[in-house]
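One-letter residues, chain by chain:
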Amino acid sequence: MTAVQLAERIVDVAGKPIFLTEAGTGPPVVLLHGGGPGASGLSNYSRNVDALAAHFRVIVPDMPGYGRSVKGVERDDPFGYLADMMRGLVDELGIGTAHFVGNSYGGAAALRLALDTPDRIGKLVLMGPGGIGTTRSLPSAGLKSLLSYYGGDGPSRDKLATFIRRYLVYDGASVPDELIDLRYRASIDPEVVANPPLRRPSGLRSLWRMDLSRDRRLRHLMTPTLILWGRDDKVNRPAGGPMLLNLLPNAQLVMTARTGHWVQWERAELFNRLAIDFLDGER
């Protein structure tokens, strides 16, 4: 999947195992993956680690509920829980400040971490982050597909292929069968099936907590932020891009045509160039 030398390990965070992969040297950059069924850190960023590791110390965890990390996520405040666990991870690694890159679910976790402890974040790169305008309209078709994966007759490869090829990316034919197979095997881990990490919010309080666009702290968050959003995103609506741009005082927005929810994978060359430029300099 990558050409650079990778180091794998498990780190104990608050008594819970978090699996991570590392590559490269330099300023630390933490890559947080999305919340789709069978997701993991390295599979979500397979087209980015090599390029980023030429400039940074790249840290790619499996977030709680996914991959080889602890299963289960706090239901009342999932983004807060994920932010706490990722902050605990960089604590355990002895890192004071890091850049955070987050896609979808991981973008919401990175943004919440910045809101709670802005001094721990250097810069943010957010790709179609969750939690932006989530209580202002009905769920998108892609989000409905994602949230229903473990419901009904349970998970299946066909359901996963439909979600990924119809909703996650713009060009479904670009997704190889091997990636579908990899994610399907991960999605049917018995621990995950018993306790899926991403479910419909359990109540109004949880729903409002997951709508980060209503957090008044956004207008005061001075963290330099690059927002990337596919104009054809069917999971988190593209209108979230301008909304977040107008809320954050130190942000810039790039929207790309013929791109769905997985900007870092679908437009890898462009993403790598923009992310490196933004994180490595003042531009």
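Up top is the structure these notes are about.
Values in this document were obtained by computation on a predicted structure and should not be read as measured data. (Residues numbered from 1 in each chain as written. Predicted model: local features only at pLDDT ≥ 70, side-chain atom pairs only at ≥ 80, totals over all residues. Heavy atoms only, no water.)

Observations concerning the pairing of strand 5 (residues 98-103)
- Burial analysis of strand 5 places 6 of its 6 residues in the buried class, which makes it a mostly covered element.
- Of the two faces of strand 5, both are covered, the one formed by Ala 98, Phe 100 and Gly 102 as well as the one formed by His 99, Val 101 and Asn 103.
- Sheet topology places strand 3 (residues 28-32) next to strand 5; 4 bridges connect them, and they run parallel. Of the residues in strand 5, the one forming a bridge with Leu 31 is Val 101.
- In this structure, strand 5 lies alongside strand 6 (residues 121-127), joined through 5 bridges in parallel fashion. Residue pairing in the sheet places Phe 100 in a bridge with Leu 124 of strand 6. (Buried < 20%, exposed > 50% of the residue type's maximum accessible area, 1.4 Å probe, protein only. Helix = DSSP H or I, 4+ residues; strand = E, 2+ residues; numbered from the N terminus. Pairing = 2+ DSSP bridges.)

Quick word on the side chain of Ser 69
- Within the secondary structure layout, Ser 69 lies in the loop between strand 4 (57-61) and helix 3 (78-92).
- A distance of 2.9 Å separates a polar side-chain atom of Ser 69 from the backbone nitrogen of Phe 19. (Polar contact = N/O pair within 3.5 Å; in protein donor to acceptor, adjacent residues only side chain to side chain.)

A few points about the layout of surface pockets
- By volume, the largest pocket amounts to about 570 Å³.
- Along the walls of the largest pocket sit 31 residues, with Gly 131, Thr 134, Leu 143, Val 235 and Asn 236 positioned nearest its centre.
- Those elements giving two or more residues to the lining of the largest pocket turn out to be helix 5 (141-147) and helix 10 (240-247).
- Per-element tally for the lining of the largest pocket: the top contributor is helix 5, with 3 residues.
- The residue inventory of the lining of the largest pocket, partitioned by class, reads 17 nonpolar, 10 polar and 4 charged. (1 Å grid on protein atoms, 1.4 Å probe; cavity = no way out; pocket = protein on both sides within 12 Å on 5 of 7 lines; lining within 4 Å. Points joined across faces, edges and corners; volume = space filled by probe spheres on them. Nonpolar A, V, L, I, M, F, W, Y, C, P; charged D, E, K, R; others polar.)

Some remarks on the packing of helix 6 (residues 157-168) against helix 7 (residues 177-187)
- Viewed as axis vectors pointing N to C, helix 6 and helix 7 meet at an angle of 125 degrees, and their least axial separation amounts to 10 Å. When the interaxial angle is binned, helix 6 and helix 7 end up oblique. The way helix 6 lies across helix 7 gives a crossing that is right-handed. Of the residues in helix 7, those touching helix 6 at Arg 157, Leu 160, Ala 161, Ile 164, Arg 165 and Leu 168 are Asp 177, Ile 180, Asp 181, Arg 183 and Tyr 184.
- Among the residues forming the contact of helix 6 with helix 7, the class breakdown is 6 nonpolar, no polar and 5 charged. (Axes fitted to C-alpha atoms, helices over the stretch in contact; angles between N-to-C directions. Parallel < 35°, antiparallel > 145°, perpendicular 65-115°, else oblique. Left-handed = near helix turned anticlockwise from the far one by under 90°. Contact = heavy atoms within 4.5 Å.)

Overview of unusual backbone geometry
- One non-glycine residue, Ser 104, lies in positive phi territory at about 55 degrees.
- By relative accessible area, which is 9% here, Ser 104 ends up buried.
- Residues other than glycine seldom take positive phi values, yet Arg 258 does so here, at roughly 55 degrees.
- Within the secondary structure layout, Arg 258 lies in the loop between strand 8 (251-256) and helix 11 (263-266).
- With relative accessibility at 59%, the residue Arg 258 sits in the exposed group.

Description of the sheet that holds strand 4
- As summarised here, the arrangement of the 8 strands in space is 1-2-4-3-5-6-7-8, forming an open sheet in which the pairing is mixed. In this open sheet, the two strands that pair with only one neighbour each are strand 1 (7-13) and strand 8. This sheet shows a mean twist of 20 degrees between the axes of neighbouring strands, independent of strand direction.
- Judged from the 6 bridges that link them, strand 7 (residues 225-230) and strand 8 form a sheet pairing that is parallel. Counted as the bridge partner of Thr 225 is Ala 251 from strand 8.

Here we look at the pattern of salt bridges
- Summed over all chains, the structure comprises 14 salt bridges.
- The partner of Arg 57 in a salt bridge is Glu 22, with the nearest N and O atoms 2.8 Å apart. In this pair, Arg 57 is assigned in strand 4 and Glu 22 in strand 2 (residues 16-23), connecting sequence segments 35 residues apart.
- We classify Glu 22 as buried; its relative accessible area is 14%. (Salt bridge = Lys/Arg side-chain N within 4 Å of Asp/Glu carboxyl O.)

Topic: empty space enclosed by the protein
- What the rule picks out here adds up to 1 cavity of 30 Å³ or more.
- Taken as a whole, the largest cavity spans an internal volume of roughly 70 Å³.
- If you go around the largest cavity, you meet 13 residues; those closest to its centre are Gly 34, Gly 35, Gly 36, Leu 168 and His 261.
- Of the residues in the lining of the largest cavity, the class split is 5 nonpolar, 7 polar and 1 charged.

Side note on the environment of Ile 121
- On the secondary structure map, Ile 121 appears in strand 6.
- Linking Ile 121 and Arg 87, residues 34 residues apart in sequence, is a C-alpha distance of 9.8 Å.
- In this structure Ile 121 touches Thr 97, Ala 98, Phe 100, Leu 113, Ala 114 and Thr 223, once residues within four positions along its chain are discounted.

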